[in-house]
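# Coordinate analysis (summary)
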Amino acid sequence: VGSQALAQLETFHVRYVFIGTGGFSVEKGLTTHLQEGAEIAKKMAGLGDKIVLTADSSKYGRKGFVNFLPLEKVDIVITDKGISAAARQAMAEIGLELILV
């Protein structure tokens with residue numbers, strides 16, 4: 001983490017960026033409790049062609065201290081089958097591809 005990590009990341013481009021999060025929702029986007037982790041995830045999101053969020057269903061609706069990415073910027077969400085029907089509908093309405101495992 002920190003300025004050296006952020007500078008080093010600028011040398012990369014990837015096809016897929018896989019991001020985890022402490023919490024997410026359509027309203028609040030991706031959130032975390034650590035500012036340093038948010039900075040790295042936000043930088044990484046700008047380095048790829050597609051952004052993939054990997055998060056278990058219990059994280060939907062949780063709000064961390066730091067918002068770092070709107071959910072609309074994510075292309076694919078991979079989560080478990082415990083995600084609520086309301087959450088599935090909300091994500092479908094903003095055009096997210098949802099993969100349930």
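Relevant structure appears above.
Summarised in this report is the structure supplied together with it. Small disclaimer: the values here were computed from a predicted structure and weren't measured.

### A look at the pairing of strand 3 (residues 29-32)
If a strand is regular, its side chains alternate between the two faces of the sheet. When strand 2 (residues 23-25) meets strand 3, the two strands line up antiparallel, connected through three bridges. Bridged to Gly-23 within strand 3 is Thr-31. Taking the residues between adjacent antiparallel strands as the criterion, strand 2 and strand 3 are bridged by three residues. The pairing of strand 3 with strand 5 (residues 66-69) spans three bridges and is classified as antiparallel. Residue Thr-31 lies in a different strand from strand 5, and its bridge partner there is Asn-67.

### Considering the pattern of salt bridges
For the coordinates displayed, the defined rule picks out one salt bridge. Lys-43 serves as the salt-bridge partner of Glu-10, at 2.9 Å between the closest nitrogen and oxygen. Taken as a pair, Glu-10 in the loop between helix 1 (3-9) and strand 1 (14-19) and Lys-43 in helix 2 (residues 35-45) lie far apart in primary sequence, 33 residues in all.

### What about the packing of aromatic side chains?
Two descriptors summarise a pair of aromatic rings, namely the distance from one centre to the other and the angle between the planes of the rings. Using the criterion set out here, one finds two aromatic pairs in the structure. Aromatic side chains Tyr-16 and Phe-18 sit 6.4 Å apart centroid to centroid with 35 degrees between the ring planes, which places their arrangement in the tilted category. On the numbers, 5.1 Å between centres and 85 degrees between planes, the contact of Phe-24 with Tyr-60 is edge-to-face. Within this pair, whereas Phe-24 is found in strand 2, its partner Tyr-60 is found in the loop between strand 4 (48-54) and strand 5, the two being separated by 36 residues in sequence.

### Quick notes on the sheet that holds strand 3
Consider a sheet: its strands pair through backbone hydrogen bonds, and that pairing is either parallel or antiparallel. Pairing is antiparallel in the open sheet, where three strands are placed in the order 2-3-5. Each end of this open sheet is capped by a strand with a single partner; those strands are strand 2 and strand 5. Strand-to-strand, the axes of this sheet are offset by a mean angle of 30 degrees, without reference to chain direction. Across the face of the sheet, helix 2 comes into contact with strand 3 and strand 5 while running at roughly 10 degrees to strand 5.

### Comments concerning helix 2
By the burial criterion, the buried members of helix 2 are Ala-38, Ile-40, Ala-41 and Ala-45. Axial view of helix 2: buried residues confined to an arc of 165 degrees, hence all on one face.

### Looking at the side chain of Thr-21
Here Thr-21 is to be found in the loop between strand 1 and strand 2. Residue Thr-21 is classed as buried on the basis of its relative accessible area, which comes to 8%. Within the structure, the side chain of Thr-21 is placed 2.9 Å from the backbone oxygen of Gly-23, a separation counted as a polar contact. Engagement of the side chain of Thr-21 in a polar contact is seen with the backbone oxygen of Thr-31, the distance being 2.6 Å. Discounting residues that sit within four places of it in the chain, Thr-21 has contacts with Leu-30, Thr-31, Leu-53, Thr-54, Ala-55, Lys-59 and Phe-68.

Calculation rules
Residues numbered from 1 in each chain as written. Predicted model: local features only at pLDDT ≥ 70, side-chain atom pairs only at ≥ 80, totals over all residues. Heavy atoms only, no water. Pairing = 2+ DSSP bridges. Helix = DSSP H or I, 4+ residues; strand = E, 2+ residues; numbered from the N terminus. Salt bridge = Lys/Arg side-chain N within 4 Å of Asp/Glu carboxyl O. Phe/Tyr/Trp six-rings, centres within 6.5 Å; stacked < 30°, edge-to-face > 60°. Axes fitted to C-alpha atoms, helices over the stretch in contact; angles between N-to-C directions. Contact = heavy atoms within 4.5 Å. Buried < 20%, exposed > 50% of the residue type's maximum accessible area, 1.4 Å probe, protein only. Arc of directions from axis to C-beta. Polar contact = N/O pair within 3.5 Å; in protein donor to acceptor, adjacent residues only side chain to side chain.

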